[in-house]
Amino acid sequence: MARLMALVLVLLLSGCGYNTIQQKEEAVDAAWSQVINVYQRRADLVPNLVATVRGYAQHEQQVFTEVTEARSRVGSVNVDAGDQASLEQFQQAQGQLQSAIGRLLLVAENYPQLKADQNFLQLQAQLEGTENRITVERQRYIGAVQDYNTFIRQFPQNLTAKVFGYQTRPNFTVDNLQQIQQAPQVDFGSNG
């Protein structure tokens, strides 16, 4: 009888999904680490970009200050990918940094010598590549979270997840959802 109970217990536990939950949770954590890695790469590029632009456009101090402050806010956010509020705060800080970088690049457009500077061109290319990496890594993270969340919500894994306290993980959201749902308006009206 004890053997039969042990066999039944082994069969029940083998289908509970506990090990797979561990595997999928680790995949989510690894994907999140890579997202943080590429965001850090962008933050590391910013001081070099600012220094290069500052050499040409010294009177644009407000833009430099905004970029520096935004980078500082990104560094001060203690993000927990499992906490929706923390993730939203992190996304907001990253959005502010991205906006400040955009303003910095607009300043650079006003300086033809800067636009031809090899250091600036290399930094700009690295920043563009980093933005693409951020997009790719966020996409991978979103996929890992979707896989994990779907798995722990399915039967019988949902029972195992409840017993061991596993929760669905929050995912990235879009800050300006209302704005991006509307088609852009293009006006090719004549100026003369």
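Given the structure is predicted, the values throughout are model-derived calculations rather than measurements. (Residues numbered from 1 in each chain as written. Predicted model: local features only at pLDDT ≥ 70, side-chain atom pairs only at ≥ 80, totals over all residues. Heavy atoms only, no water.)

Draft legend 1. View of unusual backbone geometry. With an omega of 5 degrees, the peptide bond running from Phe155 to Pro156 counts as cis. Structurally, the position occupied by Pro156 is in the loop between helix 6 (118-153) and helix 7 (157-164). (Helix = DSSP H or I, 4+ residues; strand = E, 2+ residues; numbered from the N terminus.)

Draft legend 2. Examining the nonpolar core more closely. Counting residues in each nonpolar core, the largest one holds 42 residues, and the members touching the most others are Trp32, Leu104 and Tyr141. Among the secondary structure elements, those contributing two or more residues to this core are helix 2 (18-56), helix 3 (61-76), helix 4 (84-109) and helix 6. No other element matches the twelve residues that helix 2 contributes to this core. In contact with Tyr141, not counting residues within four places along its chain, are Val28, Ala31, Trp32, Val35, Ala81, Pro170, Asn171 and Phe172. (Core = buried A, V, L, I, M, F, W, Y, C linked by side-chain atoms within 4.5 Å. Buried < 20%, exposed > 50% of the residue type's maximum accessible area, 1.4 Å probe, protein only. Contact = heavy atoms within 4.5 Å.)

Draft legend 3. Structural view of the pattern of salt bridges. Evaluated as defined, the whole model comprises six salt bridges. With its nearest N and O atoms 2.7 Å apart, the salt bridge here joins Lys24 to Asp147. You can see Lys24 sitting in helix 2 and its partner Asp147 sitting in helix 6, a full 123 residues away along the chain. Put simply, Asp29 and Arg169 hold a salt bridge, and the shortest N to O gap is 2.8 Å. Of this pair, Asp29 sits in helix 2 while Arg169 is found in the loop between helix 7 and helix 8 (177-180), placing the two residues 140 residues apart along the sequence. Classification of Asp29 as partly exposed rests on a relative accessible area of 30%. (Salt bridge = Lys/Arg side-chain N within 4 Å of Asp/Glu carboxyl O.)

Draft legend 4. Region of interest: the layout of surface pockets. One number sums up the size of the second largest pocket: a volume of about 190 Å³. Elements that contribute at least two residues to the lining of the second largest pocket include exactly helix 2, helix 3 and helix 4. With four residues, the top contributor of residues to the lining of the second largest pocket is helix 2. Residues belonging to the lining of the second largest pocket are distributed by class as follows: seven nonpolar, three polar and one charged. (1 Å grid on protein atoms, 1.4 Å probe; cavity = no way out; pocket = protein on both sides within 12 Å on 5 of 7 lines; lining within 4 Å. Points joined across faces, edges and corners; volume = space filled by probe spheres on them. Nonpolar A, V, L, I, M, F, W, Y, C, P; charged D, E, K, R; others polar.)

Draft legend 5. Spatial organisation of the side chain of Ser86. Relative to the elements of secondary structure, Ser86 occurs in helix 4. Ser86 sits in the buried class, given a relative accessible area of 8%. There is a polar contact of 3.4 Å between the side chain of Ser86 and the backbone oxygen of Asn78. Setting aside chain neighbours within four positions, we find Ser86 in contact with Asn78, Val79 and Asp80. (Polar contact = N/O pair within 3.5 Å; in protein donor to acceptor, adjacent residues only side chain to side chain.)

Draft legend 6. Here's a closer look at the packing of helix 4 against helix 6. Their axes nearest at 13 Å, the elements helix 4 and helix 6 cross at an angle of 155 degrees. When the axis of helix 4 is compared with that of helix 6, the two are roughly antiparallel. Judged by the twist between their axes, the crossing of helix 4 over helix 6 is left-handed. From helix 4, Gln91, Gln98, Ile101, Leu105 and Ala108 reach across to helix 6, where they touch Phe120, Gln124, Leu127, Glu131 and Arg138. Within the contact of helix 4 with helix 6, the residues separate by chemical class into five nonpolar, three polar and two charged. (Axes fitted to C-alpha atoms, helices over the stretch in contact; angles between N-to-C directions. Parallel < 35°, antiparallel > 145°, perpendicular 65-115°, else oblique. Left-handed = near helix turned anticlockwise from the far one by under 90°.)

Draft legend 7. How the structure looks around the packing of aromatic side chains. Scanning all chains against the criterion turns up five aromatic pairs. Seen in terms of ring centroids, Tyr18 and Phe164 are 4.7 Å apart; in terms of plane orientation they differ by 55 degrees. Their pairing is tilted. Of the two residues, Tyr18 sits in helix 2 while Phe164 sits in helix 7, which places them 146 residues apart along the sequence. Among the aromatic residues, ring-to-ring pairing joins Trp32, Tyr39, Phe90 and Tyr141 into one connected group. It is Lys24 that lies over the ring of Phe151; its NZ or CZ is 5.3 Å from the centre. (Phe/Tyr/Trp six-rings, centres within 6.5 Å; stacked < 30°, edge-to-face > 60°. Lys NZ or Arg CZ within 6 Å of the ring centre and 35° of its normal.)

Draft legend 8. Structural detail: the environment of Ser76. With respect to the element layout, Ser76 can be found in helix 3. Taking the C-alpha atoms as reference points, Ser76 and Phe90, separated by 14 residues in sequence, lie 9.4 Å from one another.

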